[in-house]
Amino acid sequence: MYELHSVTHVYARRGHHVTALDQCSLEIHPGDFVAIVGPSGSGKTTLLSVLGGMLAPSSGRVLFDGRSLYDLNVEQRASLRGEKIGFVFQSFDLISWLSARENVQVPLMLAGRSSEYQCRRAIELLKRVGLADWSGHRPSEMSRGQQQRVALARTLANEPQVILADEPTGNLDTETRQLVMACLKEFHQDGRTIVMVTHDEVAAAFAGRRIRLASGVLQELSLRNAA
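Our subject in this report is the structure included herewith. (Residues numbered from 1 in each chain as written. Predicted model: local features only at pLDDT ≥ 70, side-chain atom pairs only at ≥ 80, totals over all residues. Heavy atoms only, no water.)

**A few points about the overall build of the protein chain**
Right, on to step 1. Of the regular secondary structure elements, the protein chain holds seven helices and 10 strands.
Right, on to step 2. Rg of the C-alpha trace for the protein chain: 18 Å, near the compact-globule value of 17 Å for 227 residues, within the 12% margin.
Right, on to step 3. Expressed as lengths along the three principal axes of its C-alpha atoms, the size of the protein chain is roughly 50 × 40 × 40 Å.
Right, on to step 4. A total of 227 residues make up the protein chain; the buried ones form 51% of that total.
Right, on to step 5. Intrachain contacts of the protein chain at a sequence separation of at least 6 include 66% that bridge at least 24 residues.
Right, on to step 6. About 10,900 Å² of surface is accessible on the protein chain, with carbon and sulfur atoms providing 48% of the total. (Helix = DSSP H or I, 4+ residues; strand = E, 2+ residues; numbered from the N terminus. Rg over C-alpha atoms; globule rule 2.2 N^0.38 Å. Buried < 20%, exposed > 50% of the residue type's maximum accessible area, 1.4 Å probe, protein only. Contact = heavy atoms within 4.5 Å. Areas by Shrake-Rupley, 256 points an atom, 1.4 Å probe, with all protein chains shown as cover.)

So, in structure tokens, the structure goes:
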């Protein structure tokens, strides 16, 4: 699935160079559920951006399904993301003036699917995350946990092989965190690969692998069955 070979990323910040990733090598296999943990500023979100084809490393190689990700041009990487990679963010990134159903339809619309299919698929996915009765509500009419579940439904719209999740349970209460993680666990059981950045120890416990990133350096902490 993913292979990282000596990946380094350096930022220029106020005249100084900051090494976010330092000679990182890593393999992520199909069906893995990986939690990336570590202190703030350790490079976790940078790593997720590199995996998502959104941030070219300063040096090193990133392979996705055997293809060199950053030898693809911008359009090819965008196409790959649309077809194979789903994203979940702490901020949800829902469109405020669209309903839950319409938000889930967005990637289907961009993929050129018919209006009928878009609507049917969106309702199916909202039902899967327990929000079929909320399909006509806008984000402002929903709780944070409901918004995150809409975002999870949207992530599944194009049947991605991989889900990259950046703090998916951030700022959620305990009950809602459990609901969100139950959804991710179910997506993993479908056969999807999940890579999740988190500060949440409860969320990290769902992963089969836990990798610590500190000062740009990766260290595998555990390899076990998911919760």
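On we go.
**Focus: the environment of S140**
Right, on to step 1. Checked against the element boundaries, S140 lands in the loop between helix 4 (115-128) and helix 5 (144-155).
Right, on to step 2. Judged by relative accessible area, which is 69%, S140 ranks as exposed.

**Regarding the pattern of salt bridges**
Right, on to step 1. Under the definition given, this model contains 12 salt bridges.
Right, on to step 2. Among the salt bridges present, the one from R192 reaches E159, with a minimum N-O distance of 2.3 Å. Of this pair, R192 sits in the loop between helix 6 (174-189) and strand 8 (193-197) while E159 sits in the loop between helix 5 and strand 7 (162-166), and the two are 33 residues apart along the sequence.
Right, on to step 3. Residues participating in the shared-partner salt-bridge network are R121, E124, R128, E159, E186, D190 and R192. (Salt bridge = Lys/Arg side-chain N within 4 Å of Asp/Glu carboxyl O.)

**Topic: the nonpolar core**
Right, on to step 1. Ranked by size, the top nonpolar core spans 35 residues in total, and within it V150, L184, F187 and M196 carry the most contacts.
Right, on to step 2. Only strand 3 (33-37), helix 3 (100-110), helix 4, helix 5, strand 7, helix 6, strand 8 and helix 7 (201-204) provide two or more residues apiece to this core.
Right, on to step 3. Ranked by residue count, the leading element in this core is helix 6, at five residues.
Right, on to step 4. Formed by 29 residues, the second largest nonpolar core is a distinct cluster that contains L69, V162, V197 and L218. (Core = buried A, V, L, I, M, F, W, Y, C linked by side-chain atoms within 4.5 Å.)

**Describing the sheet that holds strand 5 (residues 67-68)**
Right, on to step 1. With antiparallel pairing, four strands are arranged side by side in an open sheet as 2-1-4-5. Whereas interior strands pair on both sides, the edge strands pair on one side only; in this sheet they are strand 2 (16-28) and strand 5.
Right, on to step 2. Taken together, the nine bridges between strand 1 (residues 2-13) and strand 2 define a ladder with antiparallel strand orientation. From the neighbouring strand, Y2 faces strand 2, where its bridge partner is I28.
Right, on to step 3. Docked against the sheet, helix 1 (residues 44-51) engages strand 1, strand 2 and strand 4 (59-64), running at close to 125 degrees with respect to strand 1. (Pairing = 2+ DSSP bridges. Axes fitted to C-alpha atoms, helices over the stretch in contact; angles between N-to-C directions.)

**Let's talk about the pairing of strand 6 (residues 85-89)**
Right, on to step 1. Summarising burial for strand 6: four of the five residues are buried, a large majority.
Right, on to step 2. Relative to strand 7, strand 6 runs parallel, the two sharing five bridges. Counted as the bridge partner of I85 is V162 from strand 7.

**Some words on helix 3**
Right, on to step 1. When helix 3 is considered as a whole, its buried residues turn out to be A100, N103, V104, Q105, V106, P107 and L108.
Right, on to step 2. Packed against the buried residues of helix 3 are helix 4 and helix 5.
Right, on to step 3. Remark: G112 follows helix 3 within two positions and exhibits a positive phi of approximately 80 degrees.

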